[in-house]
Structure formats: C-alpha cells, structure tokens
Amino acid sequence: MNLLSITDLSPDEIGAILDRADELKARRGDPAGDSRSILAGKSLAAIFEKPSTRTRVSLEVAMTDLGGHALYLSSKDLQLGRGETIADTARVLSRFVSGIAARVYDHATVEELGRHATVPVINVLSNAEHPCQILADLMTMRERFGRLEGLKVAWVGDGNNVCNSTILAAAMMGMEMAVASPPGYWPDRKILDQAESLGGRTAVVADPVEAVRGADVVETDTWISMGDEAEAAKRLAAFGRYQVNADLMRHAKSAAIVLHCLPAHRGQEITDEVMDGPKSAILDQSENRLHSVKAVLEKLMA
Ligand code: CP
Ligand code: NVA
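Residues numbered from 1 in each chain as written. Chains lettered and ligands numbered in written order. Predicted model: local features only at pLDDT ≥ 70, side-chain atom pairs only at ≥ 80, totals over all residues. Heavy atoms only, no water.

1. Here we look at the site of ligand 1
For step 1, the next point in the chain: Within the structure, ligand 1 sits among Ser52, Thr53, Arg54, Thr55, Arg103, His130, Gln133, Cys261, Leu262 and Arg289.
For step 2, the next point in the chain: Note that an oxygen atom of ligand 1 is positioned 2.7 Å from one of the backbone N or O atoms of Thr53.
For step 3, the next point in the chain: Here Cys261 contributes a backbone N or O atom positioned 2.9 Å from a nitrogen atom of ligand 1.
For step 4, the next point in the chain: Contact with the protein chains covers 96% of the free accessible surface of ligand 1, which is 260 Å².
For step 5, the next point in the chain: A per-class count over the shell around ligand 1 returns two nonpolar, five polar and three charged. (Near = heavy atom within 4 Å. Polar contact = N/O pair within 3.5 Å; in protein donor to acceptor, adjacent residues only side chain to side chain. Areas by Shrake-Rupley, 256 points an atom, 1.4 Å probe, with all protein chains shown as cover. Nonpolar A, V, L, I, M, F, W, Y, C, P; charged D, E, K, R; others polar.)

2. Let's talk about helix H5 (residues 131-145)
Since one α-helical turn is 3.6 residues long, residues separated by three or four positions face the same way.
For step 1, the next point in the chain: A rise of 1.5 Å per residue sets the reference length of H5, with its 15 residues, at 21 Å; its end C-alpha atoms lie 21 Å apart and thus fit the reference within 8%.
For step 2, the next point in the chain: Burial of H5 is extensive: eleven of the 15 residues sit out of reach of the surface.
For step 3, the next point in the chain: Buried within H5 we find Pro131, Cys132, Gln133, Ile134, Leu135, Ala136, Asp137, Leu138, Met139, Thr140 and Met141.
For step 4, the next point in the chain: Two residues or fewer past H5, Gly146 is found with a positive phi of approximately 75 degrees. (Helix = DSSP H or I, 4+ residues; strand = E, 2+ residues; numbered from the N terminus. Expected span 1.5 Å × (residues − 1). Buried < 20%, exposed > 50% of the residue type's maximum accessible area, 1.4 Å probe, protein only.)

3. Regarding the packing of aromatic side chains
For step 1, the next point in the chain: Counting across every chain of the model gives four aromatic pairs.
For step 2, the next point in the chain: Their ring planes at 50 degrees and their centres at 4.8 Å tell us that Tyr185 and Phe239 sit as a pair that is tilted. Of this pair, Tyr185 sits in the loop between strand E6 (176-180) and helix H7 (189-197) while Phe239 sits in helix H9 (residues 232-239), placing them 54 residues apart in sequence.
For step 3, the next point in the chain: Using a relative accessible area of 0% as the deciding quantity, one classes Phe239 as buried.
For step 4, the next point in the chain: Taking 6.4 Å as the distance between ring centres and 80 degrees as the angle between the ring planes, the aromatic pair formed by Phe239 and Tyr242 counts as edge-to-face.
For step 5, the next point in the chain: Taking the relative accessible area as the measure of exposure, Tyr242 reaches 2% and is therefore buried.
For step 6, the next point in the chain: Pairwise contacts between aromatic rings join Tyr185, Trp223, Phe239 and Tyr242 into one cluster.
For step 7, the next point in the chain: It is Lys50 that lies over the ring of Tyr105; its NZ or CZ is 4.7 Å from the centre.
For step 8, the next point in the chain: Just above the ring of Tyr72 sits the side chain of Arg56; from NZ or CZ to the centre is 3.6 Å. (Phe/Tyr/Trp six-rings, centres within 6.5 Å; stacked < 30°, edge-to-face > 60°. Lys NZ or Arg CZ within 6 Å of the ring centre and 35° of its normal.)

4. Here's the deal with the sheet that holds E6
For step 1, the next point in the chain: Reading across from one edge, E7-E6-E5-E8-E9 is the order of the five strands in this open sheet, with parallel pairing throughout. Looking at the sheet topology across the chains shown, the edges are occupied by strand E7 (201-205) and strand E9 (257-260). With direction set aside, neighbouring strand axes in the sheet form an average angle of 20 degrees.
For step 2, the next point in the chain: By the bridge criterion, five bridges tie E6 to E7 in an arrangement that is parallel. The partner of Ala178 across the bridge, within E7, is Ala203.
For step 3, the next point in the chain: H5 contacts strand E5 (152-156), strand E8 (217-220) and E9 of the sheet and is inclined by roughly 165 degrees relative to E9. (Pairing = 2+ DSSP bridges. Axes fitted to C-alpha atoms, helices over the stretch in contact; angles between N-to-C directions. Contact = heavy atoms within 4.5 Å.)

So this is what it looks like as structure tokens:
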C-alpha cells in the first residue's frame, strides 16, 4: 500500500500506527527492546525535491533503528533532474529498494510514483498533504490528552498542505476543526468536501479569535511554504493578524497546547513567547516524527 494522503489509512489503521509508535517510543534505547530485526536488510529510497531537516533525519534514523538503510536522494542529483521520467524512476528504484519516500512540489508526482512503483510509496510532503506530519501531531495530541475524539483543533494561518492533512485527520478521528485564514488562503474546497464526506465538521472563518475559542489544540505553520517564496511580500501583508501569540492563546482552553510542524518563522506565525512557553508541545511533536514514521515504515515495508 501507499501513503500518499492521510485518508489512505482508515481510522483503525491510524489508531494502530499510533499505538505502535507509542510502543516504539517507550522502548527506544532499551537494549531489551531492540528493533533492528524489523526492517533488517531493507532499504528506503528517500527522494527530496525540497529541503528538509525533520523529515530527512527522522526517515534516516528510523531506518537505521529498524535495522535497515535509507538513501537520501536529492532530485537534482538523480537522473530525474535531467529528464528521466517519474515512471521509469519508480520502476527502477522498485528493483533496488523496499520502499520509496518522496517530498515533492506537485502532488501529482507522488501519485505518478505510486502508480508505477511496485514497492510502497510514502508522501513526505507535497503541495497538497503531509500525512507523516499529521501522524506525529495526532500522537502528540494523544500523549497530552489521552484521546483524540472530541478534541477541538484550531488551525491559524495558511490553509496549506499541513492544514489539509489536519482537516482530513480531524474528520477521520472525530475531532472538531476550525480554520482561521485570510480570504484567498483558505483550504481547498475539495479537501473541505472530502472532510465533510468523512463526517467532519470544519468551520472556516476569517477571525482567529473565533477559531481558537474553546480549542484544545492550536496549530500553525509558516505563512510562506516551500514554493511560495515569490509571493512572500503579499503573504506577509495578508497574514499579519494570524499570529499565534499569548493574546490569541487566552481564547483557547486553559489546558490548550500549541503545535507547529516546524520550521517556524519566529515573530511571524508564532511568537517566541508561545513557542518556548508552557503550552508548547512543539518539540515533543517534532520528536514524534521519528516514532510515528517508524510505525509507518514497519506497516508498509516489514
Ligand atoms: N515538519 C517538517 O516536515 O520539517 P522538515 O521540512 O524539516 O522536514
Ligand atoms: N507548509 C510547509 C511545511 C513545511 C514542513 C511547506 O510546505 O513548506
């Protein structure tokens, strides 16, 4: 199976991945809990069209911890960068490795890889979705609240790839979702319709206070995603009031947590005070990329 969208997993499969991720987290560093037989002898090809810190490191460390090996492949250095087709790349890599992860601009690229690979393909960020990120986010919410169902998640800022996956995951896991974005930067209608068909309740509003009111989780992301750099000035002007700061956090529940997939642009979408403050679960969220992706790699490649 491929993991191109968070909806490629069922709610039960997401629950099982999160349970397994908790287990793998608990046993990391415990010599009695050695995980190196899980993917012994298997390799993952990780193709990156864009930069990465967390995704690259979590994939490489996860593969090592599970006894396998990850190859970091910049698309610029692959023949893909000189015009070899995505389909041929997928077919050839499938003869060498047991899984392909890809970070791409256009979501159609991971779909094309998925169509032609004979090994599992994992989307590690496209313009449409970031499913591995959302698994880490759900893991963090569960750690903090002991449940997902019934939580209210408020997304403040750009209705982007990470927001899309959050909306879909919220719908699947019985969470309430509110998005506050400036007009023109709302999540795709297609994603909102898909969430609705999954039973989701997603409110999209212009006012950040309205979205955050009563929220258990307040989440944000950069205003300028990779690929949006040419629009930076326009975006900075549009997003000014969509900052997660201490004033905004006063409208969330008192026990609310703050999430950010990172990298953060401190002083833009989030203040230092919130990012480094007591409500921030951001570093746990980041660490959980490792544990949750291990559970994904095991499910798809073991
Ligand atoms: N959150 C995330 O995907 O981070 P990187 O861009 O550093 O991989
Ligand atoms: N929305 C951001 C997420 C980075 C992990 C981007 O696509 O650049």
